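Structural features, examined
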Amino acid sequence: MSATANLAASAAAVSGTPGFLSPTGVEILFLLVGLLTLGAAITAVTTRQLVHAALWLVVALGGIAVEYLLLSAEFIAWVQVLIYVGAVVVLLLFGLMLTRAPIGRSPDADSGNRPVALAVAVTAAAVLVTVVVDAFRTTWIDLEDGAPQGTTDVTGRILFQHWVLPFEALSVLLLAALVGAIVLSRRENGRNGTGGDGDGDGGTGSGTRAAGGGER
Amino acid sequence: MHLAYPAVLAVLLFCTGLYGVLARRNAILVLMSVELMLNAVNLNLVAFDVWLRDTLHAGQALTLFTITIAAAEIGIGLAIVLLVHRNRGTSHIDRLRDLAETDRTATDSDEATVADATDNPVGSPAGDPAGRPTDTRLTRGEATA
């Protein structure tokens, strides 16, 4: 699929006539980081070592954060680093450890419908890349002129001027998710009823709660 | 910058996540693939927001909201996966087939249903009764550590 990425990227470069053969430095950097991100993502979904999949996911999410920086969305890049690379991947590793994931290579990491999944993914990629390249062949992003668009100043201003109500609703949703995670972890505690399980469930609940606080 | 660069990258990341969701067997790896798909959507939102120069910056605000919702989703999803693993002793989504018995009951006789009913609470027939105490002991050790 990285061959597809190369082909698609070169097709995208060919189709844009003004910058072809003289891409800007930002474009070259975006392309290189994009290839790294895509390779890490493909490794994360195909590797047979489960913990390595989580670690490759760190590379992919960090690459996406760099792409946000290159697109001048500075605040979102740091939020991505904080929440995804910081909280979500740690939570995923926590879950992998708690479900006793095998450390070495596990031969049954992929299910039986892998060829079907590959066919579906390749077909969707081909169709979407064709449509997207054809649709945005002559479209350019102006990154140089004008005011900066994604600094913390701008993002905070629009977030608390125009998006206050969704923001507050979202904090209620986070609270509900946090309470839900605690309830999910504690219900099975009451069902089993033994003291040892109570200890284990307390650990899980506090871990989820700590992660929820980090997300907030 | 050409808009096709971030758009094509988002498409390819989304299809990578799609493959992972369809092909992975461990539930936590499926959650990882869902995160990849959500990140592809976020990249698209940011790219189009920067391209359109929206005065409300709806793309960046929606990206922040998507990141928050993804974090809430991964918390709830992991709690569910851990609960399933405690109850069934497995986190392989191929083995959680309680709701997929329609063709078997239609073709087989009643004894297949009885065998199913006795088989299902165990989850994986071999090694699960040994697996569950090990799991709780391991969890307790981590909680105290």
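Residues numbered from 1 in each chain as written. Chains lettered and ligands numbered in written order. Predicted model: local features only at pLDDT ≥ 70, side-chain atom pairs only at ≥ 80, totals over all residues. Heavy atoms only, no water.

- Looking at an unreviewed UniProt entry, one finds chain B named NADH-quinone oxidoreductase subunit K, with Streptomyces radiopugnans as its source organism.
- Annotation of chain B in UniProt includes, under Sequence similarities (unreviewed entry), the sentence "Belongs to the complex I subunit 4L family."
- The record in UniProt for chain B states the following under Subunit (unreviewed entry): "NDH-1 is composed of 14 different subunits. Subunits NuoA, H, J, K, L, M, N constitute the membrane sector of the complex." (UniProt positions renumbered as here; feature names shortened; annotations may be inferred.)

- For chain A, the name recorded in an unreviewed UniProt entry is NADH-quinone oxidoreductase subunit J, with Streptomyces radiopugnans as its organism.
- UniProt lists a comment for chain A under the heading Sequence similarities (unreviewed entry), and it reads "Belongs to the complex I subunit 6 family."
- Checking UniProt for chain A, the heading Function (unreviewed entry) contains the comment "NDH-1 shuttles electrons from NADH, via FMN and iron-sulfur (Fe-S) centers, to quinones in the respiratory chain. Couples the redox reaction to proton translocation (for every two electrons transferred, four hydrogen ions are translocated across the cytoplasmic membrane), and thus conserves the redox energy in a proton gradient."

**Focus: the environment of A101(A)**
Residues and elements named next belong to chain A.
- When you line up the elements, A101 lands in the loop between α4 (74-98) and α5 (114-135).
- In this structure A101 comes out as buried when scored by relative accessible area, which is 15%.
- In this structure, the C-alpha to C-alpha distance between A101 and V51, residues 50 residues apart in sequence, is 8.0 Å.
- Residues contacting A101, with those up to four places away along its chain left out, are L50 and L96. (Helix = DSSP H or I, 4+ residues; strand = E, 2+ residues; numbered from the N terminus. Buried < 20%, exposed > 50% of the residue type's maximum accessible area, 1.4 Å probe, protein only. Contact = heavy atoms within 4.5 Å.)

**Considerations on the interface of chain B and chain A**
- Taken together, the 79 residues of chain B in the interface contact 104 residues of chain A.
- Carbon and sulfur atoms make up 74% of the surface buried where chain B meets chain A, a total of about 8300 Å² over both sides.
- Here chain B and chain A share 1 salt bridge between them.
- The residue D110(A) makes a salt bridge to R24(B) at a minimum N-O spacing of 3.1 Å.
- Put simply, chain B and chain A have 17 residue pairs in polar contact (both at pLDDT 80 or more) between them. (Buried area = accessible area lost by both parts, 1.4 Å probe. Salt bridge = Lys/Arg side-chain N within 4 Å of Asp/Glu carboxyl O. Polar contact = N/O pair within 3.5 Å; in protein donor to acceptor, adjacent residues only side chain to side chain.)

**Comments concerning the nonpolar core**
- Ranked by internal contacts, the top residues of the largest apolar core, which has 74 residues, are L71(A), L92(A), L13(B) and M32(B).
- Mapped by element, the contributors of at least two residues to this core are α2 (25-46), α3 (50-70), α4, α5 and α6 (152-161) of chain A together with α1 (4-23), α2 (27-52) and α3 (58-88) of chain B.
- Contact partners of L92(A), with chain neighbours within four places excluded, come to L57(A), I28(B), L31(B), M32(B), I74(B) and L78(B). (Core = buried A, V, L, I, M, F, W, Y, C linked by side-chain atoms within 4.5 Å.)

**Focus: the UniProt feature "transmembrane region" (unreviewed entry) in chain B**
- Under the local residue numbering, the UniProt record ascribes the feature "transmembrane region" (unreviewed entry) to residues 61-84 of chain B.
- Each end of residues 61-84 of chain B is marked by a C-alpha atom, and these two atoms are 35 Å apart; helix forms 100% of the span and strand 0%.

**Comments concerning the side chain of D110(A)**
- Along the chain, D110(A) turns up in the loop between α4 and α5.
- On the basis of relative accessible area, D110(A) is assigned to the buried category, the value being 8%.
- Separated by 3.4 Å, the side chains of D110(A) and R114(A) make a polar contact.
- For D110(A), the side chain forms a polar contact with the side chain of R24(B), separated by 3.1 Å.
- When near neighbours in sequence (up to four residues on either side) are disregarded, D110(A) contacts V45(A), R48(A), A23(B), R24(B) and R25(B).

**A look at the confidence of the model for chain A**
Residues and elements named next belong to chain A.
- Looking at chain A, pLDDT values average 80 and 76% of them are 70 or higher.
- Confidence, expressed as mean pLDDT per element, reaches its minimum in chain A at helix α8 (residues 195-215) with 40 and its maximum at α5 with 95.
- Counted against residues more than four places away or in other chains, residues 11-17, with its pLDDT under 50, gives 11 contacts.
- Within the model, the stretch residues 193-216 combines pLDDT values under 50 with 35 contacts to residues more than four positions away or in other chains. (pLDDT = per-residue confidence, 0-100.)

**Quick notes on a nonpolar patch on the surface**
All names here are of chain A.
- Taken together, the side chains of I28, L31, L32 and L35 make up a nonpolar region of the molecular surface, amounting to roughly 320 Å² of accessible area.
- Considering the arrangement of structural elements, one finds L35 in helix α2.
- We classify L35 as partly exposed; its relative accessible area is 33%. (Patch = residues over 30% accessible without salt bridge, like charges linked within 9 Å, V, L, I, M, F, W, Y side chains within 5 Å. Areas by Shrake-Rupley, 256 points an atom, 1.4 Å probe, with all protein chains shown as cover.)

**A word on the UniProt feature "transmembrane region" (unreviewed entry) in chain A**
Residues and elements named next belong to chain A.
- Here, UniProt's "transmembrane region" (unreviewed entry) annotation points to residues 26-46, 53-71, 77-96, 116-136 and 163-184.
- Across residues 26-46, the secondary structure splits into 100% helix and 0% strand, with the terminal C-alpha atoms separated by 30 Å.
- Helix makes up 95% of residues 53-71 and strand 0%, and the two end C-alpha atoms of the span are 27 Å apart.

**Some thoughts on the confidence of the model for chain B**
All names here are of chain B.
- The pLDDT averaged across chain B works out to 77; a share of 69% of its residues lies at or above 70.
- No element of chain B has a lower mean pLDDT than helix α6 (residues 128-144), which averages 40, and none a higher one than α1, which averages 95.
- Contacts for the low-pLDDT stretch residues 109-145, under 50 throughout, to residues beyond four places or in other chains number 37 contacts.

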